[in-house]
Amino acid sequence: MADSSNANPTLTGAEILLATLAGEGITTIFGYPGGAILPVYDALRKFPTLHHVLVRHEQSAAHMADGYARASGRVGVCMATSGPGATNLVTGLATAMIDSIPIVAITGQVSSKVLGTDAFQEIDITGITLPVTKHNFLVTRAEEIAAVLREAFQIARSGRPGPVLVDVTKDAQQATAIFDFDAAKPHPYRPHPMLRAESSSIREAVALIQQARRPVILAGHGVVESGAEKEVLALAEAHQIPIASTLLGLDAVPAEHPLSLGMMGMHGESWVNNAIQQADLLLAFGMRFDDRVTGNLTKYSPNSKKIHVEIDPSEVNKNVSVDVALIGDLKEVLSLLTPLLADQHPPRSAADSEWLRQIHAGKGNASVRDIINLPDNGHLYAAHVISDIWHEAAAAGRLEQTIIVTDVGQHQMWEAQYFKHQAPRSLITSGGLGTMGFALPAAIGAKSACPDKDVWVIAGDGGFQMTAAELSTIVQEKMPINIAVINNGFLGMVRQWQETIYDKNYAASPILSPNFVLLAAAHGIAGATVNRRADVIPNASIARTSGKPFLIDFQVEKEDGVYPMITPGSGLHEMLRRPQHDPLLELPEDQ
């Protein structure tokens, strides 16, 4: 760092910006240079501990910072220039905002003297990003940079995490000021009052849990963000409470734990949704009752009491009215709640739980009708691909060292149904915004954060093409990332909705794609085409062990669907099953 011998050196604003990042423990920045941010890029050479990843599009920089944050639990950082560079970050910021991911985005801005004059590449990025950031700042003086950046990091990681944007004018980057990292430290604050054991809401929650005979825990993304995985399992095990998961909560509880039911909601398992509908108590832990989870609100779990543990008060009673709200960090709340329950509510064994037996009986013949359990009929289905990638990782003993990063669409739901996550932060996916093109750049962020883990991209042929240019970023960064393209020749989820709701009017959903293996080769990445199930595991093994990036084009059945499915306006229990005329259901008579 410049003038490192001086405790409080005089630095340029650009140097102060980078020194503050280094002081916050940042080692990786994802970005793309341009005129208004060039002073910062010029100063990068003075900060060898900061590694810059050159993206091919600024949207990918935000997704990479997002993937980095999800995989590591730390704040991700991205950087772009003014104007189109800054606006290209918006989709990535919105993705992070809805899923509560801590990102600090730094943008260059035109000099303060020409602000408001429509100068070249000037845009009001703070105004544009106001709805999709937790907070944002415009910095016009070098003296403000360190304090603003440190506050941005505090805001991004505290309370309910989220993205923060810091827009820095070019003249602030070029001016000089005294740098004092410690003096720039923001004042600590708690975003919510601390719950106490004697709080009336805690006592009400204890009473409801004591009275419940059919409770269900709803585990959301907040379980992972809070680091409360052990606390949730301890409560569930002590009182034999089954756990249903949201999409973003799937890696909060080991899938093979006997109390784990799997995913709830629009494409959740039928027995999971039915258990929620039949429950007399829902314990919502770090989830926000999203519409994809609840179905028709007027029909949602009508006979249950509801306890909502949530760090963001604005989410309480927003979609679903609850009986008890416990506002606070989930880990802290459970540290209060669990001992009180142990004192007043003796632990139960699985043998005592008629409720668990009822839930498991509700599975019926679903597992028999599951695609995975049907004979190989010579066709390759996406569910086979997902399941076999899981089997390959499990057989190699790498399951807990594997991160799956999905795009958005049918493959995303098949991944949720067929890849059995055993470790926290092992599933990275765009939940609330549903951002196509997310997977490839987010995987680069995840691999940057966790270089020793196996990172798989699972993307559809449509979404993959949106950010495929980042293949060159993978090569430039020498990252051994495994890429599975689920190629069915359609925008698959759009096609399924058109089939189900729009009388098979497949308007604009068939998609022509390049030869993905040749495309990968053009970027310097090896690959293979797979259209038989027998070839899935061998090629997955080659990809995982090659030590280099590898792409597999899985050419799967074109008109397969994700089931169960809840159509708009339907209740959680009103699920569409796979059509009985589907040839996949034609079992041999001896089965």
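Residues numbered from 1 in each chain as written. Predicted model: local features only at pLDDT ≥ 70, side-chain atom pairs only at ≥ 80, totals over all residues. Heavy atoms only, no water.

Caption draft 1: Spotlight on the overall build of the protein chain. When helices and strands are counted, the protein chain shows 23 helices and 20 strands. Against the globule reference of 25 Å for 591 residues, the protein chain gives a C-alpha radius of gyration of 25 Å, in line with a compact fold. Its C-alpha atoms give the protein chain principal-axis dimensions of about 80 × 65 × 45 Å. For the protein chain, with 591 residues in total, the buried portion stands at 58%. In the protein chain, 75% of the contacts between residues at least 6 apart in sequence involve partners at least 24 apart. (Helix = DSSP H or I, 4+ residues; strand = E, 2+ residues; numbered from the N terminus. Rg over C-alpha atoms; globule rule 2.2 N^0.38 Å. Buried < 20%, exposed > 50% of the residue type's maximum accessible area, 1.4 Å probe, protein only. Contact = heavy atoms within 4.5 Å.)

Caption draft 2: Quick look at the environment of valine 77. Mapping valine 77 onto the fold places it in strand 4 (residues 76-80). Separated by 26 residues in the primary sequence, valine 77 and isoleucine 103 have C-alpha atoms spaced 5.7 Å apart. If we ignore the near neighbours within four places in the chain, the residues touching valine 77 are Leu21, Ile26, Thr28, Ile29, Phe30, Ala65, Val104, Ile106 and Phe153.

Caption draft 3: Spatial organisation of the pairing of strand 15 (residues 402-406). Within strand 15, five of the five residues are buried, which leaves the element mostly enclosed by the surrounding structure. Residues of strand 15 alternate between two faces, with Thr402, Ile404 and Thr406 on one and Ile403 and Val405 on the opposite face, all of them buried. The sheet contact formed by strand 15 and strand 16 (residues 427-428) spans two bridges and is parallel. From the neighbouring strand, isoleucine 404 faces strand 16, where its bridge partner is leucine 427. Note on the crossover from strand 15 through helix 17 (residues 410-418) to strand 16: the handedness is right-handed. (Pairing = 2+ DSSP bridges. Right-handed = clockwise from strand over helix to strand, strands pointing away.)

Caption draft 4: Inspection of the environment of leucine 326 at higher detail. If you trace the backbone, leucine 326 turns up in strand 14 (residues 324-327). Taking C-alpha positions, leucine 326 is 19 Å from isoleucine 243, a pair spaced 83 residues apart along the chain.

Caption draft 5: Up close: helix 21 (residues 492-501). For helix 21, the full list of buried residues reads Gly492, Met493, Arg495, Gln496 and Gln498. Buried residues along helix 21 sit in contact with helix 17. Of the residues trailing helix 21, aspartate 503 is marked for its positive phi of about 55°.

Caption draft 6: Seen up close, the sheet that holds strand 5 (residues 103-109). Pairing within the open sheet is parallel, and its six strands lie in the order 3-2-4-5-7-6. Edge positions in the sheet fall to strand 3 (51-54) and strand 6 (135-139), since each of these pairs with one other strand and no more. The mean angle between the axes of side-by-side strands here comes to 20°, regardless of whether they run parallel or antiparallel. (Axes fitted to C-alpha atoms, helices over the stretch in contact; angles between N-to-C directions.)

Caption draft 7: Up close: the confidence of the model for the protein chain. On average, residues of the protein chain carry a pLDDT of 93, and 93% of them reach 70 or more. In this model, residues 587-591 is a region of pLDDT below 50 whose contacts with residues beyond four sequence positions or in other chains number seven contacts. (pLDDT = per-residue confidence, 0-100.)

Caption draft 8: Region of the structure containing the domain arrangement of the protein chain. Here the protein chain is partitioned into domain 1 (10-178), domain 2 (200-365) and domain 3 (372-560). If you average the C-alpha positions of domain 1 and of domain 3, the two centres end up 30 Å apart. Across the boundary between the two partners, domain 1 contributes 27 residues, which contact 27 residues of domain 3. Taken together, both faces of the contact between domain 1 and domain 3 bury some 1,900 Å²; the carbon and sulfur share is 62%. When the buried surface of domain 1 facing domain 3 is broken down by residue, Arg56, Arg70 and Ala71 rank first, second and third, together holding 31% of it. The tally of links from domain 1 across to domain 3 stands at zero salt bridges. (Domains from an automatic or database assignment. Buried area = accessible area lost by both parts, 1.4 Å probe. Salt bridge = Lys/Arg side-chain N within 4 Å of Asp/Glu carboxyl O.)

Caption draft 9: Molecular detail of the packing of helix 16 (residues 382-395) against helix 17. Viewed as axis vectors pointing N to C, helix 16 and helix 17 meet at an angle of 45°, and their least axial separation amounts to 9 Å. When the axes of helix 16 and helix 17 are compared, the pair comes out oblique. Helix 17 is crossed by helix 16, and the crossing has right-handed handedness. Touching Ala382, Ala383, Ile386, Ser387 and Trp390 of helix 16 are Trp414, Glu415 and Tyr418, all from helix 17. (Parallel < 35°, antiparallel > 145°, perpendicular 65-115°, else oblique. Left-handed = near helix turned anticlockwise from the far one by under 90°.)

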